[in-house]
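# Survey of secondary and tertiary structure
Single-letter residue listing:
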Amino acid sequence: PSLFQLSSFAPEVVGEAIWLIMQENIRTFLADIPCQRQLVIHFETLVHQPKHVLTQICAFLGLELHPAMLEPYAEQTIRMTNGVNASNMMVGDFKFHQHSSIESSVAEQWKKAYSTDFLSDRTWEIAECLGYRRADLPAAMVSKPAKIAPHFTDIEHMLNQLDALSEAEAQQ
């Protein structure tokens with residue numbers, strides 16, 4: 001079972017918590033890495049301009065762009081999409097094996113799924129550091145107050161519960 005299935009929190013809260021924890025871990029790790037050794041890639045740019053972004057990544061790493069890099073869904077059976085061992089869940093796109101090509105439209109799908117801004121201030125603080133702006137949300141979304149069940153927006157409560165897990169509990 002996945003964290004989404006085991007949690008009593010709404011899937012959006014679990015997703016937000018996972019994103020927030022990963023971004024905080026990345027920021028902590030990068031704090032000691034010189035800026036010239038860092039490359040920031042935005043998902044939206046990657047799916048809209050995959051060849052351009054992958055060329056940029058390869059140049060940064062001193063590699064040549066290989067055509068297979070532009071076809072991440074080809075030969076899925078040889079892709080590293082599972083956890084390190086059988087008990088680990090995949091991190092990332094859980095629908096990876098359902099895709100056949102890079103779809104730029106996925107960068108905008110959330111706008112169709114949500115009509116209010118439900119993200120916590122803590123999440124927005126990190127998102128704004130990454131160049132995302134609350135002010136850039138669709139006007140209809142910003143003007144509507146979130147009318148979501150209280151447990152839905154309680155990201156801090158969920159994060160506190162996760163922090164309280166022992167190492168053994170976290171490995172289950």
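Residues numbered from 1 in each chain as written. Predicted model: local features only at pLDDT ≥ 70, side-chain atom pairs only at ≥ 80, totals over all residues. Heavy atoms only, no water.

### A few points about the overall build of the protein chain
Heads up, the rule is: Only DSSP runs of H or I with at least four residues qualify as helices, and only runs of E with at least two residues qualify as strands; both kinds are numbered from the N terminus onward. Remark: exposure states derive from per-residue accessible area (1.4 Å probe, protein chains only) relative to the maximum for the residue type, with buried under 20%, exposed over 50%, and partly exposed in between. Residue contacts follow a heavy-atom distance rule, with two residues in contact if any of their heavy atoms lie within 4.5 Å.
Of regular secondary structure, the protein chain possesses nine helices and zero strands. The secondary structure elements of the protein chain, listed N-terminal to C-terminal, are α-α-α-α-α-α-α-α-α. A total of 172 residues make up the protein chain; the buried ones form 20% of that total. Long-range contacts, defined here as pairs at least 24 residues apart, represent 63% of the contacts in the protein chain between residues at least 6 apart.

### Details of the side chain of E16
Our working rule: Between N or O atoms, a polar contact is any pair within 3.5 Å; within protein, one atom must be a potential hydrogen donor and the other a potential acceptor, and residues adjacent in sequence are included only when both atoms are from side chains.
By secondary structure assignment, the location of E16 is in helix α2 (residues 11-30). Here T123 takes part through its side chain, which lies 2.5 Å from a polar atom of the side chain of E16.

### Re the packing of α2 against helix α6 (residues 121-129)
A pair of packed helices is characterised by two quantities: the angle between their axes and the separation of those axes. The following threshold applies: A fitted line through C-alpha atoms serves as each axis, taken over the contacting stretch for helices, and the angle formed by two N-to-C directions is quoted from 0 to 180°. Each angle gets one of four labels, with under 35 degrees taken as roughly parallel, over 145 as roughly antiparallel, 65 to 115 as roughly perpendicular, and the rest as oblique. Whether a crossing is left-handed or right-handed is set by the direction in which the near helix is turned from the far one by less than a right angle, anticlockwise for left-handed and clockwise for right-handed. Three residue categories are used. Nonpolar comprises Ala, Val, Leu, Ile, Met, Phe, Trp, Tyr, Cys and Pro, charged comprises Asp, Glu, Lys and Arg, and polar comprises the others, including Gly.
The N-to-C vectors of α2 and α6 enclose an angle of 50°; their axes lie 10 Å apart at closest approach. In terms of orientation, α2 lies oblique with respect to α6. Classified by chirality, the crossing of α6 by α2 is left-handed. Each of E16, W19, L20, Q23, E24 and R27 in α2 lies in contact with α6, whose residues at this interface are R122, T123, I126, A127 and C129. Its residues placed into classes, the contact of α2 with α6 shows five nonpolar, two polar and four charged.

### Section: the confidence of the model for the protein chain
The condition that has to hold: By definition, pLDDT measures how confident the predictor is in each residue, and it falls between 0 and 100.
The predicted model of the protein chain has a mean per-residue pLDDT of 78, with 69% of residues at 70 or higher. The model gives residues 147-153 a pLDDT under 50, and that stretch makes 14 contacts with residues more than four places away or in other chains.

### Some words on α2
For the record, the criterion: Here the expected span of a helix is defined as 1.5 Å times the quantity of residues minus one.
When the terminal C-alpha atoms of α2 are compared, their 28 Å separation across 20 residues agrees well with the 28 Å that a helix rising 1.5 Å per residue should span. By the burial criterion, the buried members of α2 are V13, V14, E16, A17, L20 and Q23.

### Things to note about helix α4 (residues 50-61)
Just so we agree on the cut-off: Picture the helix axis, draw a direction to every C-beta atom, and the arc is the one those directions span.
Helix length check: α4 (12 residues) gives 16 Å between terminal C-alpha atoms against 16 Å at 1.5 Å per residue, within 8%. Residues of α4 that are buried include every one of P50, V53, L54 and C58, and no others. With its buried residues spanning 135° around the axis, α4 presents them on a single face. Relative to its buried face, α4 has exposed residues pointing more than 90 degrees away, namely H52 and A59. Packed against the buried residues of α4 are α3 (43-48). Positive phi appears at G62, one or two residues downstream of α4, with a value of about 75°.

### Structural notes on the environment of Q36
Topologically, Q36 is positioned in the loop between α2 and α3. For Q36, a relative accessible area of 63% puts it in the exposed group. Sequence-wise, Q36 and F60 are 24 residues apart; in three dimensions their C-alpha atoms are separated by 9.6 Å.

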